[in-house]
Amino acid sequence: MAEIKLEAIRKSYGRTEVIHGIDAEISDGEFIVIVGPSGCGKSTLLRMVAGLETITSGDIHIGDRVVNKLEPRERDIAMVFQNYALYPHMSVFDNMAYGLKIANVPKPEIASRVAEAARMLELEPYLDRKPRQLSGGQRQRVAMGRAIVRKPAVFLFDEPLSNLDAKLRVQMRLEIKALQRKLGVTALYVTHDQVEAMTLADRMIVMNAGVAEQVGAPLDVYANPATLFVAGFIGSPPMNVLSHDVRPGRGPLDAGAVIGIRPEHIDLAAPGTGLLDADVAFCEPLGAETLVHCVTAAGDKIVVRIDGEVSLPADGSRVGLAIDPARILAFNAEGKRTAD
Amino acid sequence: MSGMVEKRGVGTWLTHAGLIFGIAVICFPIWIAFVASTVTQDDLIRPPMPLLPGPHFFDNYLEALLTGGVAPVWQMLLNSLVMALGITIGKIIISLLSAYAIVYFRFRFRMLFFWLIFMTLMLPVEVRIVPTYEVVASLGLLNSYTGLILPLIASATATFLFRQLFMTIPDELTEAARVDGAGPIRFFIDILLPMSRTNIAALFVILFIYGWNQYLWPLLITTEPSMNTVIMGIKQMLPTGDQTVEWPVIMATAMLAMLPPVLVVIGMQKLFVKGLVESEK
Amino acid sequence: MEKRVVFDNRWLPYLLVAPQLLVTFVFFFWPAGQAIYQSAFIPDPFGLKTQFVGFGNFEYLFGNRYYRESFLTTAVFSVLVTISAMSFALWLAVLADRVIKGSSAYRTLLIWPYAVAPAIAGVLWLFMFNPFTGIIAWMLSQMGYVWNHNLDGGQAMALVVAASAWKQISYNFLFFLAGLQAIPKSVIEAAAIDGASFWRRFWTIVFPLLSPTTFFLLVVNIIYAFFDTFGVIHTITQGGPQQSTTILVYKVFADGFVGQDLGSSAAQSVVLLVLVGILTVVQFRFIERRVHY
Ligand SMILES: Nc1ncnc2c1ncn2[C@@H]1O[C@H](COP(=O)(O)OP(=O)(O)OP(=O)(O)O)[C@@H](O)[C@H]1O
Ligand SMILES: [Mg+2]
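Keep in mind the model is a prediction, meaning the values are calculated, not measured.

Glancing now at the site of ligand 1. Residues and elements named next belong to chain A. In the vicinity of ligand 1, the contacting residues are Tyr 13, Val 18, Pro 37, Ser 38, Gly 39, Cys 40, Gly 41, Lys 42, Ser 43, Thr 44 and Glu 159. Contacts to ligand 1 include Gly 39, whose backbone N or O atom sits 2.7 Å from an oxygen atom. When ligand 1 sits alone it has 630 Å² of accessible area, and the protein chains cover 60% of it. Counting residues per element, the shell around ligand 1 draws most heavily on helix H1 (residues 42–50), which supplies three residues. Within the shell around ligand 1, the residues separate by chemical class into four nonpolar, five polar and two charged.

Pasting the structure below:
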């Protein structure tokens, strides 16, 4: 069990810097999700924590040690890879036991630890199989098991679920969370899937282009995005962004500044009764909810999320959009959140 | 090409007939050799020789094995085996090691070393026999297994093959091993070697044949009969001038000399084809 | 192509490449250097000193009628070996590709000569064509054709070509068969539906699609004929009669070990070195391109 502290972490490949100074403090037992678009540097950051990538500058603390120069095995971590990285020529048992064997853990202890992990992950029937004889979900579990048996201070996950189908992904997501809770091990989890981030994280680090845009609890981040990027990235469908203010009694926005409104914070009303009017382009009924795609007179596209049981407005019809002005977020030209 | 298209009776029979003819042509020399190894010298020196095996199989093979020519064939077979295994194992080991270094480490002169090894592709023994002979002689390695084996074990081909193979092994596996605490040596032994074993086996088949069939090199450096290999030893048994030769014994020796590599090819056909195709890619 | 993940170690990589480098230096570069060095000297008549002659050995070499003839012999020999081994193998591969049942049995029966050493191939063919006792020589004599490759240079050439090609057929067969099996069935079926006859399909569709394999085998066969057939020549003809089968590789051996003419032999080694170099580059260029397809 350990806390992790990242101090001004930078990473350059040759002359190109890909991580531009990241700070974070992660407390013991916390589940932290690093989320961001492809190529933003999530894996690089995680791999620096793991010791698989050198740190260009800054310090990484795990527990009370600075681990910058330590080999992965000296850092008391375990890692689950996106493609599982199981040793194809070893049985499930040997895959899980390999790290312990190297650490010279006595045989009976290895057997009991693997047995315990296998029981937890329901892998007992498969211990003698080779990875290629397992399904994707089972492989995923073996990869988890390999991490668990080492009893590390920190779990590192790099998109561990992205090779699974949608249904299995949801199931494994829950299992990972439950397991982490049960073991109480600090976890650092990388994903580009914001739903996964929202559901798993105690706190999340939203990354973009090598910087941490915001660190916070999922619902906090959702409700109070610090930047336009975060506002757009977290939430699906993304926040509506308008380049002119629709709030009553406001002047025009500064050049480049925008306002944002979440789709669920807009209601359909009779034309003329809302903050503004728009024409319905088309509707996407999703069952529990319906997304109504509208175009305003100014040409802005706005998505409205309404209850699935409300009858759909006809395509091309004019509607009013009722918005609580307090729900509207403003961002300046740099994309930073502003007070009003 | 498709067997599905145009499968009509006559065509099929012609195809099989053609193949059987081809096989007959390919196998005829061996059949003749086999027949010759089962008859007596008298049957052979007055043509035409018989086309069916005679009753002297054991006589001829025993004579070959125990008496042979300048040295008994069993000894030559043993020498061939040592040389073939030495070349095969030696090549595989040094190629595995150097390919591992070149793929998994970054060090000064890495590319220089790589090109130096690569250039040996251009220097088959046949091209540099005289100077190589002198080097081996000056090292005092004539008539020794070391002299037979060492000059033939540097192999750019095998190094390349392993390099290609290592490049296809996912990086994550290496990282997982590092996280598990494996250093470079453990990774090599525990992960890389077991994952390469079919490729090693395939290469083993090809290299064994290569090693067994060496001719020029043993011819040059083994002057003592007790060091002769069977492939070159058979040449010593051939007639020079007008002395008579025991053809049945020579043919028995030829059959014995072919047997190990042919068995390897037929017995490990899958591996053989894999090794052949891959070592030429 | 480079690995992203590497190990960090100061001395281990050097230790790992050391055996290969050592062997390479001692048995490849040192002798090759020796060959280049010696090619610029001739020993004095007493064999005590050597005298620097620059390109003298090369001038002598190319001024030598026998050496020039050896070049021609090598060319004729390689072309004949390559063409006969490849065409016979292609024919067999086309047939084997046509059969569905039993094709693996045919394959097994056709591939094993690969394992026969060139020198053994030489002995087998020598035995069949022995002018006095050989079965085929006898058959030919029954047909009124006198066979004696010890006297007739043309016959000697035919014999070493046959023995060399025989051994190489299985190799070519395997690669042709693999090439044929890699051609998508749909392409051929489409042509069949268009009404093209078997041979028309073969020449207009299959053969062009097979051209990468053909080119590859062309280079491999030429290299084989140049360097790997020493055993065949040495067992059957020893380069004779009248040097009619003295290919370059055989001549290096004959001049160096039998004739003890080290300067000339060294110069020949250097010429061969250049030839292999060219062939290797051709092969590599070609293989590189093939990989990109
Ligand atoms: N070895 C390397 N050399 C140079 N640049 C690299 C290297 N590895 C990664 N990068 C660059 O660093 C940036 C971050 O890469 P990283 O793999 O961390 O992205 P990511 O956020 O994990 O993306 P994804 O979601 O696609 O996995 C990318 O722009 C990538 O091109
Ligand atoms: Mg990544």
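A few words now on the interface of chain B and chain C. Opposite the 118 residues of chain B that make contact, chain C presents 106 residues. Joining chain B to chain C, the criterion identifies zero salt bridges. Linking chain B to chain C there are twelve residue pairs in polar contact (both at pLDDT 80 or more). A total of 18 residues in the side of chain B that touches chain C trace back to one element, the largest contributor, which is helix H1 (residues 9–36) of chain B.

Before going further, it helps to spend a moment on unusual backbone geometry. Residue and element names in this part refer to chain A. A cis geometry characterises the amide bond from Ser 236 onward to Pro 237, with omega recorded as 0°. Take Pro 237: it is sitting in the loop between helix H8 (228–233) and strand E11 (240–242). If you check the backbone angles, Glu 159 has positive phi at about 40° while not being a glycine. With respect to the helices and strands, the residue Glu 159 is situated in the loop between strand E7 (154–158) and helix H5 (166–183). Look at Glu 159 and you get buried, because its relative accessible area is 10%.

All names here are of chain A. Spatial ordering of the open sheet is given by E2-E1-E4-E5, a layout of four strands whose pairing is antiparallel. Looking at the sheet topology across the chains shown, the edges are occupied by strand E2 (16–26) and strand E5 (65–66). Across two bridges, the pairing between strand E4 (residues 57–62) and E5 is antiparallel. Looking at the pairing, Ile 62 lines up with Arg 65 of E5. Helix-sheet contacts for H1 involve strand E1 (4–13), E2 and E4, and the interaxial angle to E1 is about 115°.

Another point: the side chain of Arg 178 of chain B. Tracing the backbone shows Arg 178 of chain B in helix H9 (residues 171–179). Leaving out residues up to four positions away in the same chain, Arg 178 of chain B has contacts with Gly 51, Leu 52, Glu 71, Pro 72 and Arg 73 of chain A together with Val 5, Val 6 and Phe 7 of chain C.

Analysis parameters
Residues numbered from 1 in each chain as written. Chains lettered and ligands numbered in written order. Predicted model: local features only at pLDDT ≥ 70, side-chain atom pairs only at ≥ 80, totals over all residues. Heavy atoms only, no water. Near = heavy atom within 4 Å. Polar contact = N/O pair within 3.5 Å; in protein donor to acceptor, adjacent residues only side chain to side chain. Areas by Shrake-Rupley, 256 points an atom, 1.4 Å probe, with all protein chains shown as cover. Helix = DSSP H or I, 4+ residues; strand = E, 2+ residues; numbered from the N terminus. Nonpolar A, V, L, I, M, F, W, Y, C, P; charged D, E, K, R; others polar. Contact = heavy atoms within 4.5 Å. Salt bridge = Lys/Arg side-chain N within 4 Å of Asp/Glu carboxyl O. Buried < 20%, exposed > 50% of the residue type's maximum accessible area, 1.4 Å probe, protein only. Pairing = 2+ DSSP bridges. Axes fitted to C-alpha atoms, helices over the stretch in contact; angles between N-to-C directions.

Spatial relationships are all this shows, so hold off on functional conclusions.
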